[in-house]
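# Breakdown of the fold
Chain by chain, the residues run as shown.
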Amino acid sequence: MIQLRGIFRNASSHAERCLYVKNRPTQPRAPIFTGPQQQHGTFYELRTYYIQPHLNAAFLKLTNEKIHLRTAHSELIGYWSVEYGGLNQVFHIWKYENYAQRASVRATLAQDPSWIEQYISKAMPMLSSQDNEVTYLVPWSKIQKPPKDGGVFELVTFQMKPGGPVVWGKAFQAAVGTHTGSGYAHSVGVFHSEFGQLNQVHVLWWYESADQRAAIRHTSHGDARVVAAVRESAAYLVSQKNKLMFPCTFSPMK
């Protein structure tokens, strides 16, 4: 009898719990949010060519003479020669509206005898290796040309912790914003990797000169706003590297 009472008591308690779960108010589900998303298909291909040291001058001369064969097919944002942070390198950025456009451009170039005979056949033997990366502008950035020609460009590459902008986006934006908002530097664009090394962000800065950059960094490192923003962003940082670059004479962006 005692055992039967225990069984009925447990069954009654279980029924009450089930009734409560069934009738209790439902809580709204938290929205799935991964940070600001791209609203269009435009992307930027970042290319780095490593030139054989003794052929660096010859490569730049040839490219200056024949780059028009390439720019006839798609938009070149800028073409730079690396001065510090990597010797005998060139870095260039190409804009595409979508992947179909890029595929079409590549297919057309492969059938262009002028491009192949006058440039590719001569330029490729001058290179030791190539690298490319597909990137998008982060949603809060846009391409902004320098206020004037004749300066230097710094490409800073940040390797962030996995998780994407939902994890580090706001802190990173604040770090960049304190530099631009305080007038310390001009941001040409902020690019987030899509193909290549993931969780990479490239910031392309412009300065009037290398000495101006040095002076600005000295001043900004004493600015409490910059220090606080950078410190918060650094919590999500794995590593970083930078290159100081000069625009080539044929670069649209100088």
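Residues numbered from 1 in each chain as written. Predicted model: local features only at pLDDT ≥ 70, side-chain atom pairs only at ≥ 80, totals over all residues. Heavy atoms only, no water.

### Describing the confidence of the model for the chain
The test is simple: One number per residue, pLDDT, summarises how confident the predictor is, and it ranges from 0 to 100. Whether two residues are in contact is decided by their heavy atoms: any pair within 4.5 Å suffices.
Mean pLDDT over the chain works out to 88, with 84% of the residues at or above the 70 mark. When the criterion is pLDDT under 50, residues 1–9 qualifies, and its contacts beyond four places in sequence or with other chains add up to zero contacts. Contacts of residues 11–35 to residues separated by more than four positions or lying in other chains number three contacts, the stretch itself having pLDDT below 50.

### A look at unusual backbone geometry
Our working rule: Helix numbering and strand numbering both begin at the N terminus, where a helix is a DSSP run of H or I of at least 4 residues and a strand a DSSP run of E of at least 2. When a residue's accessible area, from a 1.4 Å probe over protein chains only, is under 20% of the maximum for its type it is buried; when over 50% it is exposed; and in between it is partly exposed.
Positive phi, normally seen in glycine, also occurs at Asn88, with a value near 55 degrees. Among the structural elements, Asn88 can be located in the loop between strand 2 (75–84) and strand 3 (89–96). According to the relative accessible area criterion, Asn88 is partly exposed, its value standing at 23%. At Asn199, a position not held by glycine, the phi torsion is positive, near 60 degrees. Assignment of secondary structure puts Asn199 in the loop between strand 6 (186–195) and strand 7 (200–207).

### Re the sheet that holds strand 3
Rules: Any two strands are treated as partners once DSSP identifies two or more bridges connecting them. The angle between two axes is taken between their N-to-C directions and runs from 0 to 180 degrees, where each axis is a line fitted to C-alpha atoms and a helix contributes only its stretch in contact.
Spatially, 1-3-2-8-5-7-6-4 is the arrangement adopted by the eight strands of the closed barrel, whose pairing is antiparallel. The mean inter-strand angle of the sheet, taken between neighbouring strand axes irrespective of direction, is 35 degrees. With four bridges connecting them, strand 2 and strand 8 (residues 237–247) associate as antiparallel partners. Across the sheet, the residue bridging to Val82 is Met245, located in strand 8. The strands that helix 5 (residues 165–181) touches are strand 5 (152–160), strand 6 and strand 7; relative to strand 7, the one it contacts most, it runs at about 5 degrees.

### Focus: helix 3 (residues 99–110)
Threshold: Expected span of a helix: the number of residues minus one, times 1.5 Å. Starting at the helix axis, one direction is taken to each C-beta atom, and the arc is that of these directions. Under this definition, polar contacts are N or O atom pairs within 3.5 Å; protein pairs additionally need one hydrogen-donor-capable and one acceptor-capable atom, and for neighbouring residues in sequence, both atoms have to be side-chain atoms.
The end-to-end C-alpha separation of helix 3 is 17 Å, in line with the 16 Å expected for 12 residues at 1.5 Å each. If you check which residues of helix 3 are buried, you get Arg102, Val105 and Leu109. Projected down its long axis, helix 3 shows its buried positions confined to an angular sector of 60 degrees, all on one face. You can read the cap of helix 3 off the contacts: a side-chain oxygen lies 3.2 Å from the backbone nitrogen of Ala100, and it is on Asn98.

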